[in-house]
Amino acid sequence: MSGQANEAAKREFFPQLTSVRFFAAFIVVCYHYNDELKPYLPQILKNVVDHGYVGVSFFFLLSGFILAANYYDRLLTKKVSKKDFWWARFSRIYPVYILSILIVAPRLFLPIAKDPLPQQAMYAHAHLPELFMVTVFALQCFATPAGGFLNSPTWSISTELFFYILLPFLLPWINRFKTKDLGWFILLFFGLAAIGPLLYHLNFFPIMAHQLGKDYNSGIDFFFNQFIRLNFLFRIPEFLIGVLGFRLYNEVLRHNHPKWLLWAGGVLSLPFLGMVFFEGHDHIINTVLYTGQLLGIPFFFTVILGLITWDSKWLAPLKSPGWVLMGEASFSLYLFHIPIKHFGEFILSKVFHTDKSNIVLNLALMMTAILVSIPIFLYIETPTRKRMTTWWKNRKLRVAPALAD
C-alpha cells in the first residue's frame, strides 16, 4: 500500500463486523415480511421495516472492507493469483446460492394457474432459456424479468460476483491513491454512487425519451429503476468505498482514532436516519433512497469504522462466539428466508387452513429461517467450501509438475 501496510493487516478477522452482518440480514428479512409485520408495529418501526432493503448496501460496503483486509496485499504482491481469488470467492458463494435455487426449482412444475404469482410464472415458462442462463450464471443484476422468479434476493449475489471479478483489476489503480488523498477519493466514489439515483429522480430518462420521440411507459420506467438498483456498475462505488475504508483504517486509524471522524460521520448520517425512521411507505418511491442506497453510505461507513475503532464494553457482546456464528450464518439466512417464506405462505398455510398473512405463522417462519441458517452454514456451506478449496489446491499441485515437464 502507499501507506506501508502492516504485515498483521494482510489477513484480519474482525469478529464484531462478522456479528453485525446478522442484523443487516435480519432487517432485509423483516423488509420481505413487511406486509405481515407492519400491522403490529408502531409507526417508527413500520418506517424502519419499509426501508429494510438498505441492509444490502451495508453488505456491499462491508464486503469491500473485509476483502481488502484479507486480500489487498496478497493480490498486489501476487501471493494470491487472480484465479485463486476468484475460486475462493466462487467456492464461498456459489454452492449455497445454487442450493437456494434448486429447492425452489419445483415451482417450475406447478401449473401456471396454481402458481402464487401467475404473471411471473407465465413469463418464466415462456422464457425458460433466459431463466436458465440468468439463474445458472447469476446474471440477475442485469434486471431481466426472469431474474427474481426463483429467489428474488439473489440479485445482490449476482452483483457481488461482478465485484469479485473486477477487484483484482481495480486494486493496482486504487493502490496508486496516496494516503493523504483517501478522503477525496471516498467523496469521489460517493459522487459516482449518486449519478444513477439522481438521473432517475431528476426524470432524465423520460426527458431523453421525449427528446428522441420515443415512448416512455411504466414498464420502461420500472426497468430503469431496477437496473439502477441492481446493476453492479451503479453499486460498485459502495464496494470500493469499503475497500478505501480499510485503507483508511490500516494506514491512519489503526494508530490514531480521531473521534471527530466518527462524529462527522454521525452528522452526515442524519439525513439517512431521518428518512429511515420518519419517512412513510408512500414517500419512499420519490426519494433517491429508493433507487440506490446513496444516503446510507456515510452511515454504513461510519458504523464499520466505529465498530473496529471504538473501544466500548457495549460492543463486547458482538465479539462473542454466539453472535459471530449468527453473523457467519447470515449469508444462508439471506438466501433461504424467501424460499422458507414461500413454503410457509403457499403450502403450510393450506395444510393448517390459516391465512398466509397470519402473524404467528410468519413469526414462526422468520425464526425457522434464522435457525435453519446455522446448520446450513455449519454442515453445507463450510464443508463444501473447504472441499472445493482443497480440490483447487490439489489440482494446482498436479498441474505444476506437468507444466514443468
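Calculation notes
Residues numbered from 1 in each chain as written. Predicted model: local features only at pLDDT ≥ 70, side-chain atom pairs only at ≥ 80, totals over all residues. Heavy atoms only, no water. Core = buried A, V, L, I, M, F, W, Y, C linked by side-chain atoms within 4.5 Å. Buried < 20%, exposed > 50% of the residue type's maximum accessible area, 1.4 Å probe, protein only. Helix = DSSP H or I, 4+ residues; strand = E, 2+ residues; numbered from the N terminus. Contact = heavy atoms within 4.5 Å. Axes fitted to C-alpha atoms, helices over the stretch in contact; angles between N-to-C directions. Parallel < 35°, antiparallel > 145°, perpendicular 65-115°, else oblique. Nonpolar A, V, L, I, M, F, W, Y, C, P; charged D, E, K, R; others polar. Phe/Tyr/Trp six-rings, centres within 6.5 Å; stacked < 30°, edge-to-face > 60°. Lys NZ or Arg CZ within 6 Å of the ring centre and 35° of its normal. Salt bridge = Lys/Arg side-chain N within 4 Å of Asp/Glu carboxyl O.

(A) Inspection of the nonpolar core at higher detail. Formed by 105 residues in total, the largest nonpolar core has its most connected members in Leu17, Phe65, Phe85, Phe239, Val243, Tyr249 and Leu305. It is helix α4 (residues 55–76) that contributes the most residues to this core, 13 residues altogether. Excluding its chain neighbours within four sequence positions, the residues that come into contact with Leu17 are Leu62, Phe65, Ile66, Ile304, Leu307 and Ile308.

(B) Summary view of the packing of helix α8 (residues 154–174) against helix α19 (residues 330–351). Two elements in contact, α8 and α19, have axes separated by 9 Å at closest approach and are oriented at 130°. The angle between α8 and α19 places the two elements in the oblique class. Of α19, the residues touching α8 (which contributes Thr154, Trp155, Ser156 and Ile157) are Phe331, Tyr334 and Leu335. Tallied by class, residues from the contact of α8 with α19 come to five nonpolar, two polar and no charged.

(C) Quick peek at the packing of aromatic side chains. Applying the stated criterion across every chain, the model contains 41 aromatic pairs. With a centroid separation of 5.4 Å and an interplanar angle of 80°, the aromatic rings of Phe204 and Phe205 are classed as edge-to-face. Assessed through its relative accessible area of 36%, Phe204 is described here as partly exposed. Residue Phe205 is classed as buried on the basis of its relative accessible area of 14%. Ring-pair connections join several aromatic residues into one group, and the members of that group are Phe204, Phe205, Tyr216, Phe223, Phe224, Phe227 and Phe234. The ring of Tyr53 has Arg229 sitting right over it, with the charged end atom 5.0 Å from the ring centre.

(D) Focus on the pattern of salt bridges. A complete count under the given rule lists eight salt bridges for this structure. As a salt-bridge pair, Glu238 and Arg235 come within 2.5 Å of each other at their nearest N and O atoms. Taken together, the residues span about one helical turn, with Glu238 and Arg235 both in helix α12 (residues 232–253) at a distance of three residues. We classify Arg235 as buried; its relative accessible area is 2%. Across the pair Glu345 and Lys341 runs a salt bridge, and its minimum N-O distance is 2.8 Å. Of this pair, Glu345 and Lys341 both sit in helix α19, four residues apart, which is roughly one turn of that helix. Among the residues examined, Lys341 registers a relative accessible area of 8% and is labelled buried.

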